[in-house]
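# Structural description and commentary
Read off the chains here:
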Amino acid sequence: MIKLLHLSDIHMGSGFSHGRINPETGLNSRLEDFVETLGRCIDRALSEPVDLVLFGGDAFPDATPPPYVQEAFANQFRRLADAQIPTVLLVGNHDQHSQGQGGASLCIYRTLGVPGFVVGDRLDTHVVQTRKGPVQVITLPWLTRSTLLTRPAAEGLSMTEVNQWLGDRLRLALEGEIRRLDADIPTVLLAHAMVDTASYGAERFLAVGKGFTVPISLLARPCFDYVALGHVHRHQVLCDQPPIVYPGSIERVDFSEEKEDKGFVLVELERERTTFEFCPLPVRRFCTIEVDVSEADDPQAELLQALSHDRIQDAVVRLIYHLRSSQLDQIDSTALQAALTAAHSVTIRPELISQLTRSRLPELGLGNQLDPLEALRTYLTNRDDLRDIATDILEAAQGLVSVEGHAWLNLPNSVGASEPTQEQAIESQNTQLRLL
Ligand SMILES: [Mn+2]
């Protein structure tokens, strides 16, 4: 039996807007949270000790993290190298350069030749030697269209056909790896992917689109003794035999993860008899308090009442309250701030209820020609919870509207009027995927 620790989606260096500067260290408190939590995972790997650590991808928010963030990450993983615990680092979509090859932020570990470290930036099979014997690890990093698709091959295909085509290519490529496996050695598939049966938080903006998803039938194969996934931030088990598991992110990256448990997975790997256990991590709470005080005689008192519970202690808090414009002078925001001093960080968002035509984004005005990008920008400035990915979303949107002949994207009259070309379809699905 081989013990392994499977963690994923560290995203170290993200969510700074939910933190504050620690005056003693000069660091953002959310970076300190992420480092502490990653430290707990590594502590457990050392104390067990496990024979192998698998990281499922998305180390940082992007492929070029600042050196102090990279160093904080490396300081933790270095402890595994020191303890001679082999480690596989898989490249996720956030680790890849949008142009060029490979996962720049993780490939440095291969370049430096860190003993026992393997970087999975392509579909490949690695035989990893552990204290308890060899393990075969197939690495399947995040796939971009250029990995699987050449332009002539996809010409004239609809979006559905492109997805089908990508699935077939992946099936073939994976089959090639499977045929080379040694049937006597335990085998893990380590993949950063969106699996078709995975579920997301209902509010997850990014799950709205239909991206390229990997069919679970491709993964649920008896040749695998464990399928270690990364990408989806919510922990879930997609299959029991073989176990196909998303450990989820180790920390809450944004408010969409408010209600999710965070943790990692400990696995006892054995041919056809693998068992595993989700290990929750004590991470900082996120807490949304949403109140409608528009009918209240004393809206301030009602708000203060809503704030008087202990869930806000040390939590990342957002207060959203709905009121009428005539009530504005009844609100004392200094007193609201004061009532929230126990929180770790606070965002307060008053939302006016209009008695007439309700304009969701008054900044846009009425009867104006709506530029989609301008509209999106305005929307994003109103969505604190999307702030971390706002730049990504805008970039992706710019990419979309700059596609030649983008009539199907023009708002409002041509929505859904025509089937997108294959080029647009691929562009769009990559965009949707890159965002998660
Ligand atoms: Mn990802």
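Now for a description of the structure that goes with this document. (Residues numbered from 1 in each chain as written. Predicted model: local features only at pLDDT ≥ 70, side-chain atom pairs only at ≥ 80, totals over all residues. Heavy atoms only, no water.)

This next bit is on the overall build of the protein chain. A count of helical and extended segments in the protein chain gives 11 helices and 15 strands. Counting only residues that meet the buried cut, the protein chain has 51% of its 436 residues in that class. In the protein chain, the proportion of contacts linking residues at least 24 apart, taken out of those at least 6 apart, comes to 71%. As presented, the protein chain carries roughly 20600 Å² of accessible surface, and 51% of it is formed by carbon and sulfur atoms. (Helix = DSSP H or I, 4+ residues; strand = E, 2+ residues; numbered from the N terminus. Buried < 20%, exposed > 50% of the residue type's maximum accessible area, 1.4 Å probe, protein only. Contact = heavy atoms within 4.5 Å. Areas by Shrake-Rupley, 256 points an atom, 1.4 Å probe, with all protein chains shown as cover.)

Counting buried residues along strand E7 (residues 187–192), 6 of its 6 residues qualify, which places the element largely inside the surrounding structure. Neither face of E7 is open: one carries Thr187, Leu189 and Ala191, the other Val188, Leu190 and His192, and all of them are buried. Bridge analysis of strand E6 (residues 133–140) against E7 gives 5 bridges, and the strand direction is parallel. What sits directly across from isoleucine 138, in E7, is leucine 189. Summarising the sheet, E7 and strand E8 (residues 226–230) pair through 5 bridges and their orientation is parallel. Opposite valine 188, over in E8, you have tyrosine 226 as the bridge partner. (Pairing = 2+ DSSP bridges.)

All right, on to the coordination of the manganese ion then. Those donors, Asp58 (OD), Asn93 (OD1), His192 (NE2) and His231 (ND1), are the protein atoms that reach the manganese ion, and they lie 2.1 to 2.3 Å from it. Within one chain, the residues serving as donors to the manganese ion are arranged as D-x34-N-x98-H-x38-H. Within this pair, whereas aspartate 58 is found in the loop between strand E2 (52–55) and helix H2 (67–82), its partner histidine 231 is found in the loop between E8 and strand E9 (236–240), the two being separated by 173 residues in sequence. (Donors = N, O, S within 2.8 Å, 3.2 Å for Na, K, Ca; no water.)

Let's shift gears to the nonpolar core. In this structure, Leu7, Ile10, Met12, Leu38, Phe73 and Leu106 are the most contacted members of the largest nonpolar core, which totals 37 residues. Counting residues per element, the ones that place at least two in this core are strand E1 (2–7), helix H1 (29–47), E2, H2, helix H3 (104–111), strand E4 (117–120) and strand E11 (263–269). Excluding anything up to four places from it in sequence, methionine 12 contacts Leu31, Phe34, Val35, Leu38, Ala59, Phe60, Pro61, Val69, Ala72 and Phe73. Counting 25 residues, the second largest nonpolar core, distinct from the first, contains Val195, Ala198, Val227 and Leu238. (Core = buried A, V, L, I, M, F, W, Y, C linked by side-chain atoms within 4.5 Å.)

On to the sheet that holds strand E3 (residues 87–90). Backbone-to-backbone hydrogen bonds join strands into a sheet, with any given pair of strands oriented parallel or antiparallel. Judged by pairing direction, the sheet is mixed, and its 6 strands sit side by side in the order E4-E3-E2-E1-E11-E12 without closing on themselves. On the outer flanks of this sheet lie E4 and strand E12 (275–280), each paired with one strand and no other. Going from strand to strand, the sheet's axes swing by 20 degrees on average, the running direction of each strand aside. Of the strands in this sheet, E2, E3 and E4 touch H3, which is tilted by about 145 degrees from E4. (Axes fitted to C-alpha atoms, helices over the stretch in contact; angles between N-to-C directions.)

This brings us to the sheet that holds strand E15 (residues 345–352). Spatially, E13-E14-E15 is the arrangement adopted by the 3 strands of the open sheet, whose pairing is parallel. In the strand order of this sheet, the two ends are held by strand E13 (286–292) and E15, each with one partner. Going across the sheet, the axis of each strand differs from the next one's by a mean of 10 degrees, ignoring polarity. Sheet topology note: the strand E14 (residues 316–323)/E15 ladder contains 8 bridges and is parallel. Opposite isoleucine 320, over in E15, you have arginine 349 as the bridge partner. Along the sheet face, helix H7 (residues 299–307) touches E13 and E14 and points at about 155 degrees away from the line of E13.

Everything listed here is a matter of coordinates, which is why it stays silent on function.
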